[in-house]
Amino acid sequence: MDSVSSTGFLPESFAGSGDDLAGQLSVAWGQLKAPFVVPFMRILMYICLAMSIMLFTEKVYMAMVTGFIKVTGRKTEKKYKWEPLKDDVELGHSAYPLVLVQVPMFNEKEVYQLSIGAACGLSWPSDRIVIQVLDDSTDPLVKGLVEMECQKWAAKGVNIHYQVRDNRNGYKAGALKEGLKHQYANECEYVAIFDADFQPEPDFLWRTIPFLHHNSELGLVQARWKFVNSDECLMTRMQEMSLDYHFKVEQESGSSTYAFFGFNGTAGVWRMAALNEAGGWKDRTTVEDMDLAVRAFLKGWQFLYIGSLKVKNELPSNFKALRYQQHRWSCGPANLFRKMVFEIIKNKKVPLRKRIYVIYSFFFVRKIVAHIVTFVFYCVVIPASVMVPEVEIPRWATIYIPTTITLLNAVGTPRSFHLVVFWILFENVMSLHRTKATFIGLFEAGRVNEWVVTEKTGDASKAKATSKQHKKSRFKIGERILLLEIGVGCFLVVCACYDLAFGKYRYFIYLYIQAIAFFIMGFGYVGTQVPNF
């Protein structure tokens, strides 16, 4: 019978073999660390430092532009001619341009009445506006409801057309493209587009069309989004902070410098001539709106963003819907960058500085670097550095730059400034999906053209009334347990424990908190729908 070791309750042979194994692993780690791990980590750190500086510079530049606009009051729309359109004594309503309003939808049972009602409620001479509902629904019940809603408005005298297809080729881009093939659509001078959950105010056309009518160089007028359910849960508040920054800073700075900003796919009005000259809608990526905007930009058309004009819409209120949306929004731009970068470089119609702005600032820094550096640096390099003390990360990279970037983002939504810590943790978790989607887009991997329509719940009051029902809904195991998030959370816990025991950087507080965020979202406890275990 083996004797018991003095250090535990295992036989000495067991204890000895355990010590031998630990020693072998330690030796193996030491042999790999110096020649391979340290150089790799150092290279990765330098890449992340370079990307951090790029992102920091871009954020500061945009903040300076928008700050200058705020202080001086020199809003972009003031640089363009705007006069209200009036009746002509001889021509009457014929003096007003013919406007097409497109409302694409897919199984939108919760919001179809809101969107169709808002589109039909737009104020414009009734004989100079055409409403087109593009219904790609596959649910016969929803299809019937949408058609009945269109018939109801038609009976009230609204010029509304209900259009369906026998396929979903091209998804939203395919539906919009098909809608423009009709004769009545070709007669229109401008086309306004609203996704199914968007509810424009009645005066929307009166505030946008005059800009296009009096400024022939303008091809697009884009409005801002206003979120009706931003207070529904903490997740919607986090989204509001990110999107407010996008509109207040990114879109505003791009518009005010006459450089470039992307079409948001909805709540905007296109000049039909600009849309056609750019080649119309294309379904080669999941960001057909950005694709069209870049092609129109390369043809020399200018865009105008009106921050004071807001259109109500809905934010995803469950994590599954948000993940699908963010995949599309991150994968699509990266894939479009891959497809169009050489076309942008070769273009001779647009000045060189504007082409550099689109390639470097708009695409490379904001759509690629921003996602990658957020995850790789803050969720991989910094945590791993506690085990590789030979790699010293500068304090300015771990404290000053992220603090400045965070504060610049938080300014976009002052009412949520007290939630900035939660926003950081949330954005770091989301960066995992965005980084993965970015690489899928760059390398055209399997899910590059995946299109899942974002789930809507309808108006905020209805969403609140059904929140209890949502919380009791059952999830499939693959939906309620997200292994990627849980895996990263475990990695962060290991790094935090090591740092607490042996490290010198004292990152463990951040690492533990960030790990908790990954676990919370990995087990689905975020949004209005949580798993019923």
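Residues numbered from 1 in each chain as written. Predicted model: local features only at pLDDT ≥ 70, side-chain atom pairs only at ≥ 80, totals over all residues. Heavy atoms only, no water.

Our working definition: UniProt positions are given in the numbering used here, feature names are shortened, and annotations may be inferred rather than shown by experiment.
In the annotation of an unreviewed UniProt entry, the entry for the protein reads glucomannan 4-beta-mannosyltransferase, and the organism field reads Centaurea solstitialis. According to its UniProt record, the protein has this under Sequence similarities (unreviewed entry): "Belongs to the glycosyltransferase 2 family. Plant cellulose synthase-like A subfamily." Under the UniProt heading Subcellular location (unreviewed entry), the entry covering the protein gives this text: "Golgi apparatus membrane".

**Some words on the overall build of the protein**
Stated precisely, the cut-off is as follows: Secondary structure elements are taken from DSSP: a helix is a run of H or I of four residues or more, a strand is a run of E of two residues or more, and numbering for both begins at the N terminus. Taken over C-alpha atoms, the radius of gyration is set against a globule rule of 2.2 Å times the number of residues to the power 0.38. Only protein chains enter the accessibility calculation, which uses a 1.4 Å probe; a residue whose area is less than 20% of its type maximum is buried, one above 50% is exposed, and one in between is partly exposed. In this description, accessible areas are obtained by the Shrake-Rupley approach with a 1.4 Å probe, and a residue is regarded as covered only by the protein chains that are shown. Here Asp and Glu are counted as negative and Lys and Arg as positive; His is not counted, and neither are the chain ends. Where a charge lies is defined by one atom per residue type: Lys uses NZ, Arg uses CZ, Asp uses CG and Glu uses CD.
A count of helices and strands for the protein gives 18 helices and seven strands. Expected size for 533 residues packed as a compact globule is a radius of gyration near 24 Å; at 27 Å, the protein falls within 12% of this value. The principal-axis extents of the C-alpha atoms in the protein amount to approximately 110 × 50 × 40 Å. Burial statistics for the protein: of 533 residues in total, 55% are counted as buried. Summed over all atoms, the accessible surface of the protein reaches about 24,400 Å², with 61% contributed by carbon and sulfur. Averaged over its 61 positive side-chain charges, the protein has a centre that lies 4 Å from the centre of its 50 negative ones.

**Thoughts on the UniProt feature "domain: Glycosyltransferase 2-like" (unreviewed entry) in the protein**
Using the residue numbers shown here, the UniProt feature "domain: Glycosyltransferase 2-like" (unreviewed entry) corresponds to residues 190–399. As a span, residues 190–399 carries 56% helix and 14% strand, and end to end its C-alpha atoms are 49 Å apart.

**Considerations on a positive patch on the surface**
Rules: For patch building, the residue pool is restricted to those with more than 30% relative accessible area and no salt bridge; the joining distance is 9 Å between like charges and 5 Å between nonpolar side chains (Val, Leu, Ile, Met, Phe, Trp, Tyr). Between Lys or Arg on one side and Asp or Glu on the other, a salt bridge is scored when a side-chain nitrogen of the former is within 4 Å of a carboxyl oxygen of the latter.
A cluster of basic side chains, namely Lys-70, Lys-75, Lys-78, Lys-226, Lys-248 and Lys-310, defines a positive patch on the protein surface. Mapping Lys-248 onto the fold places it in helix H7 (residues 234–256). Overall, the relative accessible area of 32% leaves Lys-248 in the partly exposed class.

**Brief notes about the packing of aromatic side chains**
Just so we agree on the cut-off: A pair of Phe, Tyr and Trp rings is counted when the ring centres sit within 6.5 Å of each other, with Trp represented by its six-membered ring. The angle between the planes then sorts it: under 30 degrees is stacked, over 60 is edge-to-face, the rest tilted. When the NZ atom of lysine or the CZ atom of arginine is within 6 Å of a ring's centre and also within 35 degrees of its normal, the charge is said to sit over that ring.
What the rule picks out here adds up to 25 aromatic pairs. Between Tyr-171 and Trp-451, the ring centres sit 6.0 Å apart and the planes meet at 10°, which makes this aromatic pair stacked. Remark: Trp-451 occurs in the loop between helix H13 (420–443) and helix H14 (460–465) and Tyr-171 occurs in helix H4 (residues 171–179); sequence separation between them is 280 residues. With a relative accessible area of 15%, Trp-451 lands in the buried category. Directly above the aromatic system of Phe-106 lies the positively charged group of Arg-168, at a separation of 3.7 Å from the ring centroid.

**Quick notes on the UniProt feature "transmembrane region" (unreviewed entry) in the protein**
The positions UniProt marks with the feature "transmembrane region" (unreviewed entry) are residues 43–69, 356–387, 399–426, 481–501 and 507–527. Annotated as 100% helix and 0% strand, the span residues 43–69 places its first and last C-alpha atoms 40 Å apart.

**Some words on unusual backbone geometry**
Glycine aside, residues mostly have negative phi angles, and peptide bonds mostly take the trans form. With a phi angle near 50°, Tyr-171 is a residue other than glycine that sits in the positive phi range. Judged by relative accessible area, Tyr-171 falls into the partly exposed class, the value being 31%.

**Here we look at the nonpolar core**
Rule in force here: Nonpolar core, defined: a set of buried Ala, Val, Leu, Ile, Met, Phe, Trp, Tyr and Cys residues in which side-chain atoms within 4.5 Å join the residues together. In what follows, a contact means two residues having at least one pair of non-hydrogen atoms within 4.5 Å.
In this structure, Val-101, Ile-116, Trp-270, Phe-303 and Phe-377 are the most contacted members of the largest nonpolar core, which totals 150 residues. The element that contributes the greatest number of residues to this core is helix H11 (residues 352–385), accounting for 19 residues. When sequence neighbours within four positions are dropped, the list of residues in contact with Val-101 reads Ala-119, Leu-122, Ile-129, Val-130, Ile-131, Gln-132, Ala-192 and Phe-194.

**Quick notes on the packing of H13 against helix H18 (residues 508–522)**
For the record, the criterion: Fitted lines through C-alpha atoms give the axes, limited to the stretch in contact for helices. The angle between two N-to-C directions lies from 0 to 180 degrees. Oblique is the label for any angle not under 35 degrees, not over 145, and not in the 65 to 115 range, which are roughly parallel, roughly antiparallel and roughly perpendicular in turn. By the definition used in this description, the sense in which the near helix is turned from the far one sets the handedness, with an anticlockwise turn below a right angle giving left-handed and a clockwise turn giving right-handed. Residues were grouped as follows: Ala, Val, Leu, Ile, Met, Phe, Trp, Tyr, Cys and Pro as nonpolar; Asp, Glu, Lys and Arg as charged; and all remaining residues, including Gly, as polar.
Closest axis-to-axis distance for the H13/H18 pair is 9 Å, and the angle between their directions is 60°. Classified by the angle between their axes, H13 and H18 sit oblique to one another. Relative to H18, H13 is oriented so that their crossing is right-handed. Of the residues in H18, those touching H13 at Ile-424, Leu-425, Phe-426, Asn-428, Val-429, Met-430 and Leu-432 are Tyr-510, Ile-513, Gln-514, Ala-517, Phe-518 and Met-521. Residue composition of the contact of H13 with H18, grouped by class: 11 nonpolar, two polar and no charged.

**So, helix H10 (residues 319–346)**
The condition that has to hold: Here, expected helix span is obtained from the residue count minus one, scaled by 1.5 Å. Bend at a residue means the angle formed by two fitted axes: the first through the 7 residues ending at that position, the second through the 7 residues beginning there.
With 28 residues, H10 ought to run about 40 Å at 1.5 Å a step, and its terminal C-alpha atoms sit 41 Å apart, in line with that. Most pronounced at Met-340, the bend in H10 amounts to some 50°.

**Observations concerning the pattern of salt bridges**
A side chain with one charge may pair with a side chain of the opposite charge, provided their charged atoms come close. Applying the stated criterion across every chain, the model contains 22 salt bridges. Here Glu-58 makes a salt bridge to Arg-366, at a shortest N to O gap of 3.1 Å. Placement of Glu-58 in helix H1 (residues 12–72) and of Arg-366 in helix H11 is noted, with a sequence separation of 308 residues between them. Since its relative accessible area comes to 9%, Arg-366 is described here as buried. Between Arg-237 and Glu-240 there is a salt bridge, and its shortest N-O distance comes to 4.0 Å. With Arg-237 and Glu-240 both in helix H7, this residue pair falls three residues apart, about one helical turn. By relative accessible area, which is 8% here, Glu-240 ends up buried. Connected through salt bridges with shared partners, the residues Asp-231, Arg-237, Glu-240 and Arg-415 form a single ionic network.

**Quick word on the sheet that holds strand E2 (residues 129–135)**
The strands making up a sheet associate through hydrogen bonds between their backbones, and the pairing can be parallel or antiparallel. Stated precisely, the cut-off is as follows: Note: two strands are recorded as paired if DSSP finds a minimum of 2 bridges between them.
With mixed pairing, seven strands are arranged side by side in an open sheet as E3-E2-E1-E4-E6-E5-E7. Two strands in the sheet have a free side with no partner beyond their single neighbour: strand E3 (160–164) and strand E7 (302–313). Pairwise comparison of adjacent strand axes, ignoring direction, gives a mean angle of 20° for this sheet. Bridge count between strand E5 (residues 218–227) and E7: nine bridges; the pairing is parallel.

**With respect to a nonpolar patch on the surface**
A cluster of nonpolar side chains, namely Ile-53, Trp-396, Ile-399 and Tyr-400, defines an oily patch on the protein surface of about 370 Å² accessible area. The topology assignment puts Trp-396 in helix H12 (residues 395–410).

**Re the side chain of Asn-215**
Operational definition: Distance and chemistry together define a polar contact, namely a pair of N or O atoms within 3.5 Å, with one atom able to donate a hydrogen and the other to accept it when in protein, and with adjacent residues in sequence counting only for side-chain atoms on both sides.
Counting through the fold element by element, Asn-215 comes out in the loop between helix H6 (204–214) and E5. Asn-215 sits in the buried class, given a relative accessible area of 6%. At 2.8 Å, the side chain of Asn-215 forms a polar contact with the backbone oxygen of Phe-211. The residues contacting Asn-215, other than those within four sequence positions of it, are Tyr-80, Lys-81, Pro-210 and Arg-271.

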